[in-house]
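# Observations on chain architecture
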Amino acid sequence: MADYRIITISRQFGSGGRTIGKKLAEKLGIPCYDQEIIAAVAKESGFSKDYIAEHGDDVNTTWMGNIFQVGGSLSNQDVMWVAQSNVVRELAAKGPCVIVGRCADYILRDDYKLLKVFVFADVKARAERIVKLYGERTLSPEKRLKNKDRRRSAYYRHYTDLKWGDAANYHVSLDSGALGVDTCVDIIADVYAEVQKHDQ
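Worth saying up front: this structure is predicted, and the values here are computed from it rather than measured. (Residues numbered from 1 in each chain as written. Predicted model: local features only at pLDDT ≥ 70, side-chain atom pairs only at ≥ 80, totals over all residues. Heavy atoms only, no water.)

### Let's talk about the sheet that holds strand β5 (residues 172–175)
An order of β2-β3-β1-β4-β5 is seen for the 5 strands of this open sheet, with the pairing classed as parallel. Where the open sheet ends on each side, the last strands, each with one partner, are β2 (32–33) and β5. Relative to the sheet, helix α1 (residues 17–28) contacts β1 (5–11), β2, β3 (98–100) and β4 (113–120), its axis offset from that of β1 by approximately 160°. (Pairing = 2+ DSSP bridges. Helix = DSSP H or I, 4+ residues; strand = E, 2+ residues; numbered from the N terminus. Contact = heavy atoms within 4.5 Å. Axes fitted to C-alpha atoms, helices over the stretch in contact; angles between N-to-C directions.)

### Describing unusual backbone geometry
In this structure, Cys103 takes a positive phi of about 55° despite not being glycine. Within the secondary structure, Cys103 is located in the loop between β3 and α5 (104–107). On the accessibility criterion, Cys103 (6% relative accessible area) is buried. A positive phi is found at Asp161, a non-glycine position, where the angle reads about 60°. Tracing the backbone through its elements, the reader meets Asp161 in the loop between α7 (141–160) and β5. Residue class for Asp161 comes out exposed when judged on its relative accessible area of 61%. (Buried < 20%, exposed > 50% of the residue type's maximum accessible area, 1.4 Å probe, protein only.)

### Comments concerning the pattern of salt bridges
According to the stated counting rule, one finds 7 salt bridges in the structure shown. Of the charged contacts, one joins Arg5 and Asp199 as a salt bridge, the two residues approaching to 2.7 Å between their closest N and O atoms. One end of the pair, Arg5, is in strand β1; the other, Asp199, is in helix α9 (residues 181–199), and 194 residues separate them in sequence. On the basis of relative accessible area, Asp199 is assigned to the partly exposed category, the value being 24%. Glu194 is the salt-bridge partner of Lys197, the closest N and O atoms lying 3.4 Å from each other. Of this pair, Lys197 and Glu194 both sit in helix α9, 3 residues apart, which is roughly one turn of that helix. (Salt bridge = Lys/Arg side-chain N within 4 Å of Asp/Glu carboxyl O.)

Shown next, in the form of structure tokens:
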């Protein structure tokens, strides 16, 4: 097991987990991997970045061309899962970092010391955030949140056999709507500093 610790951030859609991850990494002076993972997975899997961004957390492929012929049996999602797992491990091997999403908490569980974080917020706070960030869409903000969270939950369950968002699966769970992004960053940084002392 590596002698350094990696922070993984799982998050509800619209909770600001990505922003928290980036600010946290800046505060700690370590890399944050998020969108970079999509580009790397695209390169390894052969799918486009847009395809991965749109379908990377799907588990039902019946409406997407169904089977990507790798050995004749892997679904598109399985191909992306293998590529994603490889990329996450390669990034983690470079040293301490923050990894946003991508089931990194599960992929790295046996090889690295982790600080596993889950970021959530109530529907109202998240709806306001996604409208501000992403603008109006066909679906109402509440429906977009529900659809995205359902997909993330099903994806996580499918590949990890664990319940996404269950506090028992994380070291820290934070309500970004109540606490604010910057407070969440400070809390995680403080916890990280304490566990780093313990590691030594």
